[in-house]
Structure formats: structure tokens, C-alpha cells
Amino acid sequence: MAEQLYECIIPEHENLVIQLSFPVEYPDLKPWCVQAVSHNQAKYLDALYIERNVNEVIDRLFVPGMVVLYELFEELQVFLEKYNVEEVYQSKETSPQIPELNDRTSEIDAQASKLSKHMEILTTEVYEPTALWIKSEPILDRGSTFIAFAREVNSVEEAKEYLDDLVTDKKISRAAHNISSWRIKGENGVQYQDCDDDGETAAGGRLLHLLTVRIIYSSLLCEMMNAWNLIVVVSRWFGGIHIGPDRFKHINSCAREAVLKGSFTSDSALKINTEATGKLKKKK
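Residues numbered from 1 in each chain as written. Predicted model: local features only at pLDDT ≥ 70, side-chain atom pairs only at ≥ 80, totals over all residues. Heavy atoms only, no water.

Operational definition: UniProt positions are given in the numbering used here, feature names are shortened, and annotations may be inferred rather than shown by experiment.
The name that an unreviewed UniProt entry assigns to the protein is EIF2 kinase Gcn2p negative regulator, with the source organism given as Scheffersomyces spartinae. Quoted verbatim from the Sequence similarities (unreviewed entry) field of the UniProt record, the comment on the protein reads "Belongs to the IMPACT family."

As C-alpha cells, then:
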């Protein structure tokens, strides 16, 4: 796929057409102004001056991964409302860097070279926020998807930092809820534990409870996870259909899978589970 070229017209400035080039990787890479075409030379005297200002506005507003188009239109509308011929002449007298017409090719070549370097960096250095997390298999139910992520932490600050980093992932940032919980044993036996529902009422507390003691009433088995020094995040993408209490079952199930995959439970907890399971089998 090649870059996409769009012609944009700012409201109340129909006699000026701004051509913007959007790279395939947008919004990870910024767009840039190819040229400004004036259909009213009396009002928009110097198209190159406008192009330079458009690119300056893009440089100021652009944040990798964020859509910039709406803010760009608002800023350009303010700029064009203040634009006048005298301002252009004054700028020419005080700023010798304004390119002349015969410099257009070199300016475009410089932009293309800069874009090429950005593409090379993205190709060779791709950062994955989920790379160091233990991940569960997804659970699908009536359009909703649940996935749990677990990671070792040794301080509250570290837990918050890892959580903030995880939700920068594009897919995870679009989840309806990112429920989190952590349990940490610090120095001198100090213990920290906390949770966040992220809009899924009571889900954070249930997740925290899972990391301590979970009772399976159907088999009369008391299952103690006793997991420490970890953070668990369960992401839920809502499918449009409310599934009631089943959502808590899925949150616990995928969280438990991630915790066990990462071997975060203590040996004593596993021993209790094994002994209890053995007793149940003998009774049967």
C-alpha cells in the first residue's frame, strides 16, 4: 500500500485547498503537507508560507498513535483567520528560511527521507507492551471476549507502571474494562494488595479474592491460591449482549489460568489442593 493523498478544505476558506499525505502507518507516523493550492491570490498570496505553517502545526500537535486530524483542522482555522497579506510580507523580511518556488523539490525530498527513516525504525524496533506478561487463552461468550495477563511485581510503584504500560497496547486500550489486582510482599513482611474494577462493578474485589482463597462449592473443594508478588489484569471486550453473572466466572477462569501458567501460587497452596482433591476422589 502507498501513502494516501487527501485534499482538505478548511471551513470558511473554500478558496484554499491543502493537500495532506498520510503514510500507511498513520497514526503511528505523522502526515505532512504536500502543497497548498490557492484559488484566490489576493487573499492567499503565498502558498509556500501556508504550507510551512501547516507542517509546523502538525509537528506541534502530532503524538504517535493518536489521531491528529480534528485538532489540526481547528488550529488551521485559527491560523487562517489571522492570516493576512501584511503578515506574509513581514515574515518574508524577517525570516530568510521561507523556501522559494524552486526549493519545493528539495523540501519534499527532505520530508520523504525523514519518513523513510521513521519507517525503518518501526520495522526494526517494534515494541510490544504485552511481551513480558503471561497470557491466558481467550474466553468467548455471546460476543464478549475475556483475556487475562499476569506479571511478577515487587513494589506498588512497579505494579502501577506495568499496568500503565500494558494499556498502551492498541487492542487492550479498546477493551470495555481492564480489571486489575495485585498482591505484594515488601520488606520486613509489609504486605500490599489492591484492586480496580475499571467500570465492571465488584470485579476487582472478586479478582483479588481469587488470588487469596477461592471456594468451589460444586465439588466442596476449598482451593487456596495464595499468590504473591504479582499483578493480574483481565481485559473484557464487550460484545453488545449482557451476560449477567457469567462474566465473573469468565474473569476468574482466565485469571486463574494466567496465574497458574506463571507459577505464582505457593507450593503449600498446591499441596493443599492436591490433598483435598485426593480425599474427594476416595469418597467417590
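Read on, since the account is not over.
## A look at the overall build of the protein
Rule in force here: Helix and strand definitions here come from DSSP, where helices need a minimum of 4 consecutive H or I residues and strands a minimum of 2 consecutive E residues; each element is numbered from the N-terminal end. Burial here depends on accessible area, computed with a 1.4 Å probe over protein chains only, as a share of the maximum for the residue type. Under 20% is buried, over 50% is exposed, and the range in between is partly exposed. We call two residues in contact when some of their heavy atoms are within 4.5 Å. Each accessible area is a Shrake-Rupley estimate made with a 1.4 Å probe; only the visible protein chains count as cover when residues are assessed.
A count of helices and strands for the protein gives nine helices and 11 strands. Within the protein, buried positions represent 38% of all 284 residues. Restricting the contact set of the protein to residue pairs at least 6 apart, pairs at least 24 apart contribute 63%. Accessible surface, the protein: about 16,700 Å² in total, of which carbon and sulfur atoms supply 53%.

## Some points on the state of the cysteines
Filter applied, for reference: Pairs of cysteine sulfur atoms within 2.5 Å are what we label disulfides.
Taken as a whole and judged by the stated rule, the model has zero disulfides. With no disulfide of its own, C8 lies 9.1 Å from the sulfur of C33, the closest cysteine sulfur. The buried category is assigned to C8, whose relative accessible area is 10%.

## Re the pairing of strand β8 (residues 191-196)
Formally: DSSP calls a pair of strands paired once it identifies at least 2 bridges connecting them.
Across six bridges, strand β7 (residues 177-185) lies against β8 in antiparallel orientation. Residue pairing in the sheet places R183 in a bridge with Q193 of β8.

## Considering the nonpolar core
We apply this condition: Think of a nonpolar core as a cluster: buried Ala, Val, Leu, Ile, Met, Phe, Trp, Tyr and Cys residues, connected wherever their side-chain atoms sit within 4.5 Å.
Core analysis: the largest hydrophobic core is formed by 22 residues, its most contacted members being L207, L230, V232, V234, I251, A255 and V259. With six residues, helix α8 (residues 246-261) is the largest single contributor of residues to this core. Non-local contacts of L230, meaning those with residues more than four positions away in its chain, are made with R151, E152, V153, S181, W182, R183, L211, V259 and F264. A36, A47, I58 and L80 belong to the second largest nonpolar core, which has 19 residues in total.

## Focus on the environment of F22
Following the sequence through the fold, F22 ends up in strand β2 (residues 16-22). Residue classification places F22 among the buried positions, given a relative accessible area of 10%. The sequence separation of F22 and W32 amounts to 10 residues, and the corresponding C-alpha distance is 7.0 Å.

## With respect to the sheet that holds strand β3 (residues 32-38)
The cut-off we apply is this: Where helices are involved, their axes are fitted lines through C-alpha atoms of the stretch in contact, as for all axes, and angles between N-to-C directions lie from 0 to 180°.
In space, the three strands of this open sheet follow the order β1-β2-β3, with antiparallel pairing throughout. Each edge of the sheet is formed by a strand with only one pairing partner; in this case those strands are β1 (4-8) and β3. Neighbour to neighbour, the strand axes of the sheet diverge by 20° on average, direction disregarded. Relative to β2, β1 runs antiparallel, the two being bridged by five bridges. Note on β2: the bridge partner recorded for Y6 is L20. Those strands touched by helix α1 (residues 47-61) are β2 and β3, and its axis lies near 150° from that of β3.

## A look at the side chain of S235
Just so we agree on the cut-off: Identification of polar contacts relies on pairs of N or O atoms within 3.5 Å, with a donor-acceptor requirement for protein atoms, meaning one able to donate a hydrogen and the other able to accept it, and with residues adjacent in sequence counted only if both atoms are side-chain atoms.
For S235, the location among the structural elements is in strand β11 (residues 230-237). Its relative accessible area of 0% is what places S235 among the buried residues. Here N178 takes part through its side chain, which lies 2.5 Å from a polar atom of the side chain of S235. Once residues lying within four places of it in the same chain are set aside, the contact partners of S235 are T145, F146, I147, F149, I172, A175, H177 and N178.

## Brief notes about the pairing of β7
Burial of β7 is extensive: eight of the nine residues sit out of reach of the surface. In terms of strand pairing, β7 meets β11 through seven bridges, oriented antiparallel. When the bridges of β11 are listed, N178 appears paired with S235. Linking β7 back to β8 in an antiparallel pair, the connection comprises five residues, with N188 at a positive phi of about 60°.

## Some details on the side chain of S180
Summarising the element assignment, S180 is placed in strand β7. Judged by its relative accessible area of 1%, S180 is buried. Among residues more than four places away in sequence, those in contact with S180 are L163, D194, C195, D196, G204, L207, V232 and V233.

## Remarks on the packing of aromatic side chains
Using the following cut-off: In summary, the pairing rule links any two rings of Phe, Tyr or Trp, Trp by its six-membered ring, whose centres are within 6.5 Å, and it sorts them by plane angle into stacked for under 30 degrees, edge-to-face for over 60 and tilted for everything else.
The full count for this structure, using the stated rule, is three aromatic pairs. Ring centres of F22 and Y26 lie 4.9 Å apart, and the angle between their planes is 85°; this geometry places the pair in the edge-to-face category. Taking 6.3 Å as the distance between ring centres and 45° as the angle between the ring planes, the aromatic pair formed by Y49 and F79 counts as tilted. Taken together, the residues span a long stretch of sequence, with Y49 in helix α1 and F79 in helix α2 (residues 69-82) at a distance of 30 residues.

## A look at the packing of helix α7 (residues 203-212) against α8
In helix packing, the relevant descriptors are the interaxial angle and the interaxial distance, both defined with respect to the helix axes. The following threshold applies: Relative orientations are named as follows: roughly parallel for angles under 35 degrees, roughly antiparallel for angles over 145 degrees, roughly perpendicular for angles from 65 to 115 degrees, and oblique for any other angle. Should the near helix be turned counterclockwise from the far one by less than a right angle, the crossing is left-handed, whereas a clockwise turn marks it as right-handed. Three categories are distinguished: nonpolar for Ala, Val, Leu, Ile, Met, Phe, Trp, Tyr, Cys and Pro, charged for Asp, Glu, Lys and Arg, and polar for the others, with Gly belonging to the last.
α8 packs onto α7 with a crossing angle of 40° between their chain directions and a minimal axis gap of 10 Å. Comparing the axis directions of α7 and α8 gives the class oblique. Considering how the two elements wind past one another, α7 and α8 form a crossing that is right-handed. On α8, the residues touching A203, R206, L207, L210 and L211 of α7 are F248, I251, N252, A255, R256 and V259. Here the contact of α7 with α8 is built from residues that sort into eight nonpolar, one polar and two charged.

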